[in-house]
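Inside the fold
Here's the letter readout for the chains.
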Amino acid sequence: MGQTILLVEDEESLISFLKTELKFEDYTVIVARDGKEALARYTDARQQIDLIILDWMLPKLDGLEVMRRIRKNDDIPIIMMTARDYIGDKVAGLDNGADDYITKPFEIEELLARIRVIIRRGKKQADSPQTNYQVADLSLDTKARQVHRAGQIIQLTQREYNLLLTLLKHRGEALTRDELLDLVWGIDFVGQLNIVDVYIRYLRKKIDFESKPLIHTVRGVGYTLRDDDANVEKTE
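Residues numbered from 1 in each chain as written. Predicted model: local features only at pLDDT ≥ 70, side-chain atom pairs only at ≥ 80, totals over all residues. Heavy atoms only, no water.

1. What about the sheet that holds strand S6 (residues 132–135)?
Backbone hydrogen bonds are what pair the strands of a sheet, in a parallel or an antiparallel way. Put simply, the rule is: Pairing between strands is defined by DSSP: at least two bridges between the two strands are required. To qualify as a helix, a DSSP run of H or I must reach at least 4 residues; to qualify as a strand, a run of E must reach at least 2; elements of each kind are numbered from the N terminus. The angle between two axes is taken between their N-to-C directions and runs from 0 to 180 degrees, where each axis is a line fitted to C-alpha atoms and a helix contributes only its stretch in contact.
Strand order in this open sheet of 4 strands is S6-S7-S8-S9, and the pairing throughout is antiparallel. Of all strands in the sheet, those with a lone pairing partner are S6 and strand S9 (152–154), marking the two edges. Taken over all neighbouring pairs, the strand axes of this sheet differ in orientation by 25 degrees on average, direction set aside. The sheet contact formed by strand S7 (residues 138–141) and strand S8 (residues 146–149) spans 4 bridges and is antiparallel. Residue pairing in the sheet places Asp-141 in a bridge with Gln-146 of S8.

Here is the structure:
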């Protein structure tokens, strides 16, 4: 199955054209027509989105501000798309986190080529997986399959290990129970949703016992693992 692209553009004719061309190339396309909708779509479908094509001039919130907000927590590939052809604008876009910049009007072949380059670059990075994860004094080594907290080895079951690894891979992200079920137990799991809560309790007893809590409950969402506990609900 092809990659998923979030297309952020307010011109209907261009949306229609790009959707048709991208779908023909086997991309799944999610559309947002203003800056606020872009952030909402990004938040709702972050786990599925592989790349963002982001117009600069947008209603409600311009593309540069959308990119700045996304870049606070995410390095997802972004191609800026704009009619502004000034060197200063290109520099501003790239300096604020754009991976590439394309000026309207453009040939669709050029855009498709830029998309392929960025996705190919991301695939190469994914093919060299990270083996060591660290948050505060908690570390996990996937090669040795060892977990340490404050210098002490933590013994985990396979399911607890997989849950912790998932939280570490998504450190700082608020993951819902459904997302954790899919990532740790698999999409075909038919048990009770509260199995996630049960294993979070197991992890907390082993990881956070007599140490600064790193696993937090995000009210109304799910769970996150991070060192900074701002804007989350502390739990016992």
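2. Structural notes on the sheet that holds strand S4 (residues 78–82)
Put simply, the rule is: Any two residues whose heavy atoms approach within 4.5 Å at even a single point are treated as in contact.
The 5 strands are arranged S2-S1-S3-S4-S5 in an open sheet whose pairing can be described as parallel. Two strands bound the open sheet, and with one partner strand each, they are strand S2 (28–32) and strand S5 (100–103). Recorded for the sheet is a direction-independent mean angle of 20 degrees between the axes of neighbouring strands. Inspection of the sheet shows S4 paired to S5 by 4 bridges, in the parallel sense. Among the inter-strand pairings, Met-80 is bridged to a residue of S5, identified as Tyr-101. Helix H3 (residues 63–71) contacts strand S3 (49–55) and S4 of the sheet and is inclined by roughly 170 degrees relative to S4.

3. Describing the confidence of the model for the protein chain
Inclusion rule: One confidence number per residue, pLDDT, is output by the predictor and ranges from 0 to 100.
Of all residues in the protein chain, 90% have pLDDT values of 70 or greater, and the mean over the chain is 85. Low pLDDT, under 50, characterises residues 229–236; the predicted model gives this stretch 12 contacts beyond four residues in sequence or across chains.

4. Structural notes on the packing of aromatic side chains
Just so we agree on the cut-off: The pairing test for Phe, Tyr and Trp rings, Trp by its six-membered ring, is centres within 6.5 Å, and the orientation test on the planes gives stacked under 30 degrees, edge-to-face over 60, and tilted for anything in between. By definition, being over a ring means that NZ of Lys or CZ of Arg is both within 6 Å of the ring centre and within 35 degrees of the ring normal.
One pass over the structure, following the stated rule, counts 1 aromatic pair. The positively charged end of Arg-145 is found above the aromatic ring belonging to Tyr-161, 4.2 Å away from the centroid.

5. Things to note about the nonpolar core
Basically, it comes down to this: Definition of nonpolar core: a set of buried residues of the types Ala, Val, Leu, Ile, Met, Phe, Trp, Tyr and Cys, connected through side-chain atoms within 4.5 Å. Throughout this description, buried means an accessible area under 20% of the type-specific maximum (1.4 Å probe, protein chains only), exposed means over 50%, and partly exposed covers the range between.
The biggest cluster of nonpolar side chains holds 28 residues, and the ones touching the most others in it are Val-147, Leu-164 and Leu-225. Of all the secondary structure elements, the ones that give two or more residues to this core are S6, S7, helix H6 (158–169), helix H7 (177–185), helix H8 (195–207) and strand S12 (222–225). If near-sequence neighbours (up to four positions away) are discounted, Leu-225 is found in contact with Val-135, Leu-138, Leu-164, Leu-167, Leu-168, Arg-171, Gly-172, Leu-214 and Ile-215. Of all hydrophobic cores here, the second largest spans 23 residues; its members include Val-8, Leu-58, Leu-61 and Ile-78.

6. A few points about the UniProt feature "domain: Response regulatory" (unreviewed entry) in the protein chain
Going by this rule: UniProt positions are given in the numbering used here, feature names are shortened, and annotations may be inferred rather than shown by experiment.
UniProt's feature table lists "domain: Response regulatory" (unreviewed entry) at residues 4–119, given in the numbering used throughout. Within the segment residues 4–119, helix and strand shares are 47% and 22% respectively, and the terminal C-alpha atoms sit 11 Å apart.

7. Some thoughts on the pairing of strand S11 (residues 215–218)
Residues Ile-215 and Thr-217 of S11 are buried on one face, and the alternating residues His-216 and Val-218, pointing to the opposite face, are buried as well. Two strands pair when backbone bridges link them, and S11 and S12 are joined in this way by 4 bridges, in the antiparallel orientation. Note that in S12 the partner of Ile-215 across the bridge is Leu-225. Connecting the antiparallel pair S11 and S12 is a turn made up of 3 residues, with Gly-220 showing a positive phi of about 75 degrees.

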